[in-house]
Amino acid sequence: MGAYEIKSLEQYFKVYKKSIREPRKFWSKIAEDFVWYKKWDQVLEHHLENAEVKWFVNGKLNITKNCIDRHLAKRGDKTAIIFEPNDPQEEAQHITYNQLYARVSKMANVLRDQGVKKGDRVCVYLPMIPELAITLLACARIGAVHSAVFAGFSSTALSTRIRDCEAKILITADGGFRGNKTIDLKGIVDEALEDCPDLEKVLVVKRTGADIDMKKGRDMWLQPLLDTALNESVAEVMDAEDPLFILYTSGSTGRPKGMLHTTAGYMIFTAYTFKNVFQYEEKDVYWCTADIGWVTGHSYILYGPLANGATTVMFEGVPSYPDYGRFWEVVDKHKVTQLYTAPTAIRALGKESTDWVTKYDLSSLKVLGSVGEPINEEAWHWYNSHVGDKKCPIVDTWWQTETGGIMISPIAFATPTKPTYATLPLPGVQPVLMDEKRNEIEKNQVVGNLCIRFPWPGMARTIWGDHRRYKETYFSAFPGKYFSGDGALRDEVGYYRITGRVDDVVIVSGHNLGTAPIEDAINEHPAVAESAIVGFPHEVKGNALLGYIILKETGETRNRENLTQEINQHISEHIGPIAKLDKLQFVNDLPKTRSGKIMRRILRKIASGDTDNLGDTSTLLNPDVISDIIEGAK
Ligand code: WT7
């Protein structure tokens, strides 16, 4: 690959201009570098006002041909995936492209044998072990649509997702290792499947060796099936716009949204952005610390790197196990050249002694990346000085599950970095800032709603089963434009700074949490009448959750400590431990507008201690509650 590679700032501006003036020519030149069964008739067809976009119309391809097969001649013995287990005593695995081809083929054949066909949805609930990567690729090989669910999600969250996409088969493991914990994945699956009568089969990977129940006629161990499967497989011919995967993300209201990504545009966008943002070179060892259960892992552990024939590290563990040196040990051990992680991890490790860092040789590092939430200045400087030795550019990459790949980010060694700024849009990406009156903001340093005014190949095409919701959520606030839900400003040189969500989504430790589903979970507790969740600034997590809770008046007095625990237990069961509340305040009332809507804006300010400047409270039905809540917080 090489079309429109960027090596300097001048080149960036040149390429960027070209990508805006002639987007079709630009993307088709890049697409030429891939393997197609048949090339496209038209590069792009779109009606953004209707949320309709097609890229590489009528092109035929298979993404695994591009991520695996085409590398075999030149890089068959090169390591594709380095698997670094949770326990440093367990040996790392180096999976070459040849081996990856064989393992993906076997898995593809197993899925075919189990009756999985093109277009079927396959739910994948696996920990960060090689089988996770292999299963997703195997689905892509046979044209099945993978729907990975992060293995930290609860049984309720899992069953909602299985039902929503009507998956008929699920791949899971007997358990997972995470730090000093083992997670009973199969137990969670069994619980989830009580509510999923249409799911027919479960294939189980052996990881922890836990003694688990296998349901007759439904559950099968995967390994014996793999052992007898052929290690070669035919790649299904896919249309450019055939679905590749569904990945759920939370919205401010309602059920999680199954974002649907399609084949060609997603592949080309993740491959191009990976290569350029990280300046990946043939001998590099790239490590993204995310979980493949999130979009960061899909795009920048799996598809983007493999499309470039890269060596990509898959890490099963956590930054703090067995000690705070774990990340740096892995960098040293595998001579990692690009490290891509989240501000929450940087903050957590930055709180510990720098001896953990200096203990290891980090001189292999060339580029550092950040993703998931705004990186604060202090974390940026710590990352820059202690990890990068002030020699590695930090690429602060802004993007979303919905965008498929990185949208705004420095290009390593080309774009001068500036702490807290994601800097410039990547080629093909046309951001605009809009004010509340739907006018474009031209001025510098004014926060606006971050929108994108032209399609890019990696964008999600719809919400699975609900195109109307897709259109309403993303294309109706600013007609004809994609609305991200984030606020941003621009400086005098055109650099973008992301200021955070403008809706009721809270980013906790880099995880996107909608407040509505958490409130729903809390409200199911028999003692709770009503609740409102807001985010407040947290040292390590970026944001943490505070719940304001109104209890039912039953006359009986309840132990509030127990209640707090029970409520958090409810949240864990319905969503997952990541959504637990850091603080909880019992209140008699919540600030509401005359139409009965909770004014979260005010609660957010109170929660972050910003009580001098609550803004306009004149539309409140019950202004007295404010002082009660502030008083109660003390
Ligand atoms: C939301 C998307 C991008 C993959 C991981 C999260 C926030 C993401 C940044 C950044 C400031 C960021 C935004 C966005 N976000 N990256 N570099 N600077 N904010 O994907 O779960 O879909 O969350 O994460 O608020 O809307 P996601």
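Quick note: structure is the one above.
Since the model is a prediction, treat every value here as computed from it, not as a measurement.

Asks: Teacher, can you tell me more about the packing of helix 17 (residues 515-523) against helix 18 (residues 560-574) here?
Replies: The geometry of a pair of packed helices is captured by two quantities: the angle between their axes and the separation between those axes. Packing of helix 17 against helix 18 brings their axes to within 8 Å, and their N-to-C directions diverge by 125°. Between helix 17 and helix 18, the angle is such that the two are oblique. The way helix 17 lies across helix 18 gives a crossing that is right-handed. Contact residues: helix 17 offers Ile518, Ala521 and Ile522, while helix 18 offers Ile567, His570, Ile571 and His574. For the contact of helix 17 with helix 18, the per-class residue count stands at five nonpolar, two polar and no charged.

Asks: Explain the environment of threonine 462 here, please?
Replies: Along the polypeptide, threonine 462 turns up in strand 23 (residues 462-463). For the pair threonine 462 and glycine 514, spaced 52 residues apart in the sequence, the C-alpha separation amounts to 19 Å. Ignoring any residue separated from it by four or fewer positions in sequence, one finds threonine 462 in contact with Gly258, Met259, Leu260, His467 and Tyr470. Within polar-contact distance, the side chain of threonine 462 engages the side chain of histidine 467 at 2.7 Å.

Asks: What is the right way to read the site of the ligand from this model?
Replies: Near the ligand you find 18 residues, and of these Asp396, Thr397, Thr401, Asp486 and Arg501 are the closest. Arginine 501 is positioned such that a nitrogen or oxygen atom in its side chain is 2.8 Å from an oxygen atom of the ligand. If the ligand stood free it would expose 560 Å²; the protein chains cover 96% of that surface. Among the secondary structure elements, those contributing two or more residues to the shell around the ligand are helix 11 (295-307), strand 20 (394-397) and strand 25 (496-501). In the shell around the ligand, the residues fall into seven nonpolar, six polar and five charged.

Quick notes on the rules
Residues numbered from 1 in each chain as written. Predicted model: local features only at pLDDT ≥ 70, side-chain atom pairs only at ≥ 80, totals over all residues. Heavy atoms only, no water. Axes fitted to C-alpha atoms, helices over the stretch in contact; angles between N-to-C directions. Helix = DSSP H or I, 4+ residues; strand = E, 2+ residues; numbered from the N terminus. Parallel < 35°, antiparallel > 145°, perpendicular 65-115°, else oblique. Left-handed = near helix turned anticlockwise from the far one by under 90°. Contact = heavy atoms within 4.5 Å. Nonpolar A, V, L, I, M, F, W, Y, C, P; charged D, E, K, R; others polar. Polar contact = N/O pair within 3.5 Å; in protein donor to acceptor, adjacent residues only side chain to side chain. Near = heavy atom within 4 Å. Areas by Shrake-Rupley, 256 points an atom, 1.4 Å probe, with all protein chains shown as cover.

Keep in mind these values describe shape, not function.
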